[in-house]
Structures are given as structure tokens and as C-alpha cells.
Amino acid sequence: MMVDAPKINQGLEGIYFTESGICKVDGINGRLYYYGYSIETLAENSNFEEVCYLLLNGKLPKKSELSAFRKNLASERELPEEVIMMIKRASKKANAMDILRSAVSMLSFFDEDSGDNSEAANMRKSVRLISQIASVTAATGRAKAGKAYVEPDPKMNHVENFLYMLNGAKPEPDHVKILDTMFLLHAEHSSNASTFSGIVTASTLSDMHSAITSAIGTLKGPLHGGADEAALHMMNAIGKPENTVHYIVDALAGKKRIMGFGHRVYKTYDPRARIIKGRLEEMQNSADKEVRNLTNIALQAEKLMINKLGKSHGIWPNVDFFSGPVYTDLGIEDYLFTPIFAASRIPGWAAHIMEYLKGNRLIRPLEYYDGAIGKKYVPIKER
Ligand code: SDX
């Protein structure tokens, strides 16, 4: 290695690339704030639509502002026929996140504001995408189940309409409340990989749809948003609570990663996971044996992992670990978990993109070249 080799921060670990007023992730104390409001306060008192307004506007809405915002969201749920057709045709084999990524790209063809990257147009596109990504996710669930597309109902609130479009029936109020809280908990998380990826795309002065498409492709990975589906697959592989210890000890001995645990920033319990765990404690008394079984596996795995890797290695449950059992209890298929994560995170992605563009600077880091210089070219016949 040359003497002047610079310090390399692989994965940009510990690097601050910009300032932001949107979200504080306190990884040491396990705290999370959206514009200064703790996640516990918001989960207790707020809802997803109000948090979308907060993230996009930097303040909680007055009653009249929230009602106008809700009407605006409801008016943007429709999908172009061509997008519905693509979802239907792709749904047999394609991964649900690939369908979502493709649908967002296609939506730009029909968006009256595409080509306009002004702040006002970006705000309109952000609101539109919050509504449309939920519609695409529901439409994907319908198509994969071989069921017809359900038109949105503008009278329902955001999450209620999502469940209605997914199941084709008016959802139970407690299901709406549980899923609304899940959306709120997943709405924003500072410069995570998918948000950063969206910002990188936007920093070239590309456009909102391209930036959100980048973010969706990034979120899909099992080291990031895809961990929620992977964690459930592990729980299904464990099968019974009594198999949990053996399965996990075996996996760790084989240097496997237990999905849903560990975090680049949280070195203690992810506060979102703690809130979601509260739902699992209620699910322990479920009338559904399957749900009780899954819940007990998850709670046993949590206990074991904290004992084995929590205090000693700073590897604790993260937001993805308990999400799968909650979505399963709501009757949601595993392939929709990460699209639901995307449908929850779109306000956070959009908020950071619009904030960064206010003081835009092209993102272009360095990489340290440690190869040869000035090699002699050898013609192919002499190689
Ligand atoms: C999300 O950034 C965000 O904010 C993301 C997110 C958001 O809201 O946007 O919070 C959502 O993506 C949560 C994370 C979901 N991913 C997973 O659950 C996948 C499993 N977790 C890991 O792969 C890992 O913990 C990461 C990727 C999340 C973070 O990893 P780091 O910071 O890069 O740490 P590392 O991979 O260098 O691990 C350090 C050590 C390694 O051991 P050694 O090679 O040093 O011996 O800890 C081990 C790892 O093997 N380790 C684990 C582990 N996570 C880390 N070992 C077993 N199981 C795990 N889950």
C-alpha cells in the first residue's frame, strides 16, 4: 500500500455527508425523532397521514391543513390503466419489489409534472407517489392472488384504503390502526441506504421518479428493507418455538446473519422494534394457533439473540424483525412486506430529496486507486 494511502471508510461508515433537520437517530441511547417529536410520542398520538404532512412540511398540520392534505392524498390514488396492466402481466413471476420499481418508473410517463423539477412540482409528485405507491402495492397483492384490481375509495383514509384495495373489503378498524402505526414507524430514518441512494440520484438534478426508483431498488436488499421478509422466512424455517434455540445457535456457528438483528447506527434496542414488540405480546393470546406459534418463535429468538449478541456485540432487534409476524397476523403475504416498507418510507425519501435539493451539491465521493500506473499496451497477438 502506498505511503499516502488515505483512511478508507468502507460503506461510508461514520461519514456525515450533509446536514438535515428532518430526523435524529440516536444509536447509543436507542432514540428516534422526526422533526424533534419522539417516535414513541408520534406512535401514541399521531397517524401516518399526519406524519407524512410533518415530514413534507416540517411541522404538524392544523386541522384544516390536515383535512386538505388528506383530500389531496385521496385524490391521487388512481393508477393509469397501463400501469395496472403491467402489474397484472408481471405478477405471475416477478418479485413484488421489481414490480413496484418498474411501476414507479412507468408512473413518470403519465405524470403531468414529470419534466418539472421545481419545488412545487416535486411536492406535488411526492404527495402523488405516497398515494400511488400504496395503490401499486395493493394492486400487486391482488394480481399475485389472481384477483381483480380494486379501485381506490376516496372516502377512506390512506391505510384504510390500502387494506380495502388489497382485500376488496372494508377493513377492521383495529387492523387499520395497527397497520397505520406500522406505516408511521417505517416512514423515515435519516440517511439509511435507500434514502441516501435517492439523494445521490437527485443530486445530479435528475428527477423525483428516478430518485424514488433508485431508493426502491436499494430498499429491496436483505441487508436493508428486505430483512423483514427474510426474518419471517427464518421463523417459518424454525417451525416450532422449541426449535428456536438450536436453529439460531446453529446459524450463528455457521457465521450466518440472523435477519432483523443488528444495525449500522443502533447499538442498542431499535425503539421502533420495541414498539412493534408490544403488538406481538398482544398476539401471544391470539385465537389463531399459527399466529401464536410464529409469535412465540419471534419472542424466543429475540431473547436468545439479546443474550448471545446484544450487550456483547451491540446486535439487537431492529425494525425488520417483528414486522413480519405483525403483517402475517393482518393476513398480508410475505412478498408484500418490503413493498409496504417502501409505501411507508416514501414520505421520508421525498422529504430528504427536497431538503437536499435546497442546497444541492452533486454527490461524488472518491475511491482510492491502489492499482498499477502506466502499463505498456501489448497487442492481442502477443498476449
Ligand atoms: C434496516 O440504516 C437504516 O436506518 C436502516 C433501517 C431504516 O429504517 O432505514 O433501520 C432499516 O435496514 C434495518 C437493518 C435490516 N437488516 C438486517 O436485519 C440484516 C441483518 N443485519 C446485518 O446484516 C447488519 O447488522 C447490518 C447490515 C444491518 C449492519 O451491519 P454493519 O454495521 O455493516 O455491521 P457488520 O456487517 O460489519 O457486522 C459487524 C459484525 C460482523 O461480525 P464479524 O464479521 O466482525 O465477525 O456483527 C456481525 C457481523 O457478522 N453481525 C451479525 C448480524 N449483524 C451483524 N451477526 C449475526 N446476525 C446479524 N444480524
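Here, every reference points to the structure presented above.
Please read all numbers here as calculations on a predicted model, not as lab measurements. (Residues numbered from 1 in each chain as written. Predicted model: local features only at pLDDT ≥ 70, side-chain atom pairs only at ≥ 80, totals over all residues. Heavy atoms only, no water.)

Considerations on the site of the ligand
Selection rule: A single heavy atom is enough: if one lies within 4 Å of a molecule or strand, its residue is considered near that molecule or strand. Under the rule applied, a polar contact is a pair of N or O atoms within 3.5 Å (in protein, one hydrogen donor and one hydrogen acceptor; residues adjacent in sequence only if both atoms are side-chain atoms). Each accessible area is a Shrake-Rupley result for a 1.4 Å probe, and residues are judged covered by the shown protein chains and nothing else. All amino acids are sorted into three groups, where Ala, Val, Leu, Ile, Met, Phe, Trp, Tyr, Cys and Pro are nonpolar, Asp, Glu, Lys and Arg are charged, and the leftover types, Gly among them, are polar. Each domain span listed reflects an automatic or database assignment of domains.
Around the ligand lies a shell of 23 residues, among which H189, R257, H263, R264 and R272 are the nearest. In the model, a nitrogen atom of the ligand is placed 2.8 Å from a nitrogen or oxygen of the I258 main chain. The contact in question runs from an oxygen atom of the ligand to an N or O atom on the backbone of G260, over 2.8 Å. Bound to the protein, the ligand loses 72% of the 1100 Å² it would expose on its own. Residue composition of the shell around the ligand, grouped by class: 9 nonpolar, 7 polar and 7 charged. Both domain 1 (23-223 + 336-357) and domain 2 (227-329) contribute no fewer than three residues apiece to the shell around the ligand.

Thoughts on the sheet that holds strand β2 (residues 31-34)
Threshold: Criterion used throughout: strands pair if DSSP finds at least two bridges between them. Helical segments are the DSSP runs of H or I of at least four residues, strand segments are the runs of E of at least two, and each set is numbered from the N terminus.
Read from one edge of the open sheet, 3 strands run β1-β2-β3, paired in antiparallel fashion. Every interior strand has two partners, whereas the edge strands, β1 (23-26) and β3 (37-38), have only one. Where β2 meets β3, 2 bridges bridge the pair, whose relative direction is antiparallel. Bridge assignment links Y33 to a residue of β3, and that residue is S38.

What about the nonpolar core?
Here is the rule: Nonpolar cores are built from buried Ala, Val, Leu, Ile, Met, Phe, Trp, Tyr and Cys residues. Side-chain atoms within 4.5 Å join them into one set. Buried, partly exposed and exposed residues are distinguished by accessible area as a fraction of the type maximum, computed with a 1.4 Å probe on protein chains only: under 20%, between the cut-offs, and over 50%, respectively. Residue contacts follow a heavy-atom distance rule, with two residues in contact if any of their heavy atoms lie within 4.5 Å.
With 106 residues, the main nonpolar core has Y34, L179 and I212 as its most contacted residues. No other element matches the 12 residues that helix α16 (residues 337-358) contributes to this core. Structurally, this core is a two-domain feature, drawing no fewer than three residues from each of domain 1 (23-223 + 336-357) and domain 2 (227-329). Setting aside residues up to four positions removed in sequence, L179 forms contacts with V159, F162, L163, Y327, L330 and I332.

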